[in-house]
Amino acid sequence: MRPRTKAARPEASGWKDPSLRRSVALFRAFMGEQSDPEACYRLLARDAVSQVEAYGGPVSGRTVVDIGGGGGYFLEEFRRRGADAFLFEPDPRELGEHAPEGSVRADGYLLPLADGVADVTFSSNVLEHVDDPQTFLSEMVRVTRPGGLIYVSFTNWYSPWGGHEWAPWHYLGAERARNRYRRKTGREAKHRLGDNLFTIHVGTTLRQVRARPDVRVVAARSRYWPFLAGVVTRVPLLREFATWNLLLILRRCP
Ligand SMILES: C[S@@+](CC[C@H](N)C(=O)[O-])C[C@H]1O[C@@H](n2cnc3c(N)ncnc32)[C@H](O)[C@@H]1O
């Protein structure tokens with residue numbers, strides 16, 4: 001087994017999580033996502049990989065599996081930091097014309113991987129796009145080695161961004177919000193509830209994950225909040241609106 005490494009110190013490079021500065025930078029990038037997606041996703045990738053290193057130590061030399069990794073920004077960042085990283089993505093449109101090397105067209109429910117091959121299993125903003133999140137999680141756990149780290153984040157349904165491109169009108173109902181989007185933009189929305197977007201909740205997910213015998217919950221917190229990032233997920237009801245995006249750091253039990 002690989003010797004345990006000390007957790008990285010991303011603060012040493014000016015990165016501090018949570019912090020107001022970081023959250024503002026992420027929010028700005030997110031607001032510019034349409035005009036400059038590269039800048040937005042590169043920043044998000046740097047931020048997420050720093051979070052992984054903060055909990056699990058340097059990724060250099062480690063085997064990392066990114067599930068539902070879209071265009072490969074996270075893959076690139078993991079590699080830039082020396083990881084042996086692979087991307088599994090079912091949608092060829094997400095992969096783009098020039099799919100990054102080491103990317104595999106595969107569904108997260110059924111990964112073409114042996115048990116326990118990954119030191120780090122990573123999934124950012126995918127869980128709300130699958131209709132059976134617990135089975136999806138089970139597959140992540142299966143491919144993670146005992147003691148390995150699992151990073152999962154998702155936008156929950158009652159988050160202000162829960163309806164994605166038709167947010168925040170999802171609070172008035174998904175179909176109404178979709179129709180409004182079509183009226184305002186003249187385009188069909190990318191997401192449809194029950195098809196490629198599903199209602200997922202913070203409280204239910206936390207209860208399900210804590211009940212699992214195969215993982216230990218290392219952290220459950222808001223991914224982007226500048227303060228009280230862990231506290232906000234502990235308050236029933238409030239957490240469904242205020243968490244915004246739930247980040248779970250799990251360790252696979254031996
Ligand atoms: C919102 S994008 C997130 C992309 C990237 N991970 C990020 O954080 O920017 C959701 C991704 O989940 C992928 N996805 C949907 N269902 C999936 C499944 N069953 N297995 C793996 N990926 C899936 C989609 O194809 C898409 O690339």
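Here is what the cut-offs are and how they apply
- Residues numbered from 1 in each chain as written.
- Predicted model: local features only at pLDDT ≥ 70, side-chain atom pairs only at ≥ 80, totals over all residues.
- Helix = DSSP H or I, 4+ residues; strand = E, 2+ residues; numbered from the N terminus.
- Rg over C-alpha atoms; globule rule 2.2 N^0.38 Å.
- Buried ≥ 20, exposed ≤ 12 C-beta atoms within 10 Å, placed from the backbone.
- Contact = placed C-beta atoms within 7 Å.
- Core = buried A, V, L, I, M, F, W, Y, C linked by C-beta atoms within 7 Å.
- Near = placed C-beta within 6 Å.
- Nonpolar A, V, L, I, M, F, W, Y, C, P; charged D, E, K, R; others polar.
- Axes fitted to C-alpha atoms, helices over the stretch in contact; angles between N-to-C directions.
- Parallel < 35°, antiparallel > 145°, perpendicular 65-115°, else oblique.
- Left-handed = near helix turned anticlockwise from the far one by under 90°.
- Arc of directions from axis to C-beta.
- Pairing = 2+ DSSP bridges.
- Right-handed = clockwise from strand over helix to strand, strands pointing away.
- Expected span 1.5 Å × (residues − 1).

1. A few points about the overall build of the chain
Line of reasoning, step 1. Counting secondary structure elements, the chain contains 8 helices and 7 strands.
Line of reasoning, step 2. For 254 residues, the compact-globule formula gives about 18 Å, and the C-alpha radius of gyration of the chain, at 18 Å, lands near that figure.
Line of reasoning, step 3. For the chain, the C-alpha atoms occupy an extent of roughly 55 × 45 × 35 Å along the three principal directions.
Line of reasoning, step 4. Across the 254 residues of the chain, 39% fall into the buried class.
Line of reasoning, step 5. Partitioning the contacts of the chain with sequence separation of at least 6, the portion at a separation of at least 24 is 62%.

2. A few points about the nonpolar core
Line of reasoning, step 1. The biggest cluster of nonpolar side chains holds 45 residues, and the ones touching the most others in it are V64 and V65.
Line of reasoning, step 2. For V64, the residues in contact, after removing those within four places along its chain, are V59, F78, A83, D84, A85, A118, D119, V120 and F122.

3. Brief notes about the site of the ligand
Line of reasoning, step 1. The ligand sits among 17 residues. The nearest are G68, G70, D91, G108 and S124.
Line of reasoning, step 2. Of the residues contributing to the shell around the ligand, the split by class is 6 nonpolar, 7 polar and 4 charged.

4. Quick notes on the packing of helix α2 (residues 37-56) against helix α3 (residues 73-80)
Line of reasoning, step 1. Interhelical geometry of α2 versus α3 gives an angle of 50° and a closest axis separation of 9 Å. By the angle between their directions, the pair α2 and α3 is classed as oblique. The element α2 and its partner α3 pack so that their crossing is right-handed. On the side of α2, the interface is formed by Y41, R42, A45, R46, A48 and V49, while α3 contributes Y73, F74, E76, E77 and F78.
Line of reasoning, step 2. In terms of residue class, the contact of α2 with α3 is built from 7 nonpolar, no polar and 4 charged.

5. Re helix α5 (residues 133-143)
Line of reasoning, step 1. Residues P133, F136, L137, M140 and V143 constitute the buried set of α5. One face of α5 carries all of its buried residues, which in axial projection span an arc of 130°.
Line of reasoning, step 2. The elements touched by buried residues of α5 are β1 (63-67), β4 (118-124), β5 (144-154) and α7 (202-210).

6. What to know about the pairing of β4
Line of reasoning, step 1. With respect to burial, β4 is a largely interior element, 7 of its 7 residues being buried.
Line of reasoning, step 2. Relative to β4, β1 is paired through 3 bridges, and the arrangement is parallel. Each residue of the ladder has a partner; that of D66, found in β4, is F122.
Line of reasoning, step 3. In this structure, β4 lies alongside β5, joined through 6 bridges in parallel fashion. Within β5, the residue paired with F122 across the bridge is Y151.
Line of reasoning, step 4. On the question of chirality, the crossover connecting β4 to the parallel β5 by way of α5 is right-handed.

7. Side note on the sheet that holds strand β2 (residues 84-88)
Line of reasoning, step 1. Read across the open sheet, the 7 strands follow the order β3-β2-β1-β4-β5-β7-β6; overall the sheet is mixed. Of all the strands in the sheet, just β3 (103-104) and β6 (215-222) have a single pairing partner and so form its edges.
Line of reasoning, step 2. In the packing of α3 onto the sheet, contacts are made with β1, β2, β3 and β4, and the angle to β2 comes to roughly 170°.

8. A word on unusual backbone geometry
Line of reasoning, step 1. With omega at 0°, the peptide bond leading from D17 into P18 counts as cis.
Line of reasoning, step 2. With an omega dihedral of 0°, the bond running from A167 to P168 counts as a cis peptide bond.
Line of reasoning, step 3. With respect to the element layout, P168 can be found in the loop between β5 and α6 (174-185).
Line of reasoning, step 4. Even without being glycine, N125 reaches a positive phi, approximately 55°.
Line of reasoning, step 5. Looking at the secondary structure, you find N125 in the loop between β4 and α5.
Line of reasoning, step 6. The exposure class of N125 is partly exposed, given the 18 C-beta atoms found within 10 Å.
Line of reasoning, step 7. Despite not being glycine, H164 shows a phi value in the positive range, around 55°.
Line of reasoning, step 8. In this structure, H164 sits in the loop between β5 and α6.

9. As for α6
Line of reasoning, step 1. In this model α6 runs 16 Å from its N-terminal to its C-terminal C-alpha over 12 residues, within 8% of the 16 Å that 1.5 Å per residue would give.
Line of reasoning, step 2. What α6 keeps buried is the set A174, A177, R178 and Y181. One face of α6 carries all of its buried residues, which in axial projection span an arc of 100°. Residues of α6 that are exposed and angled more than 90 degrees away from the buried face: E175 and R183.
Line of reasoning, step 3. G186 occupies a position one or two residues after α6 and carries a positive phi of about 75°.

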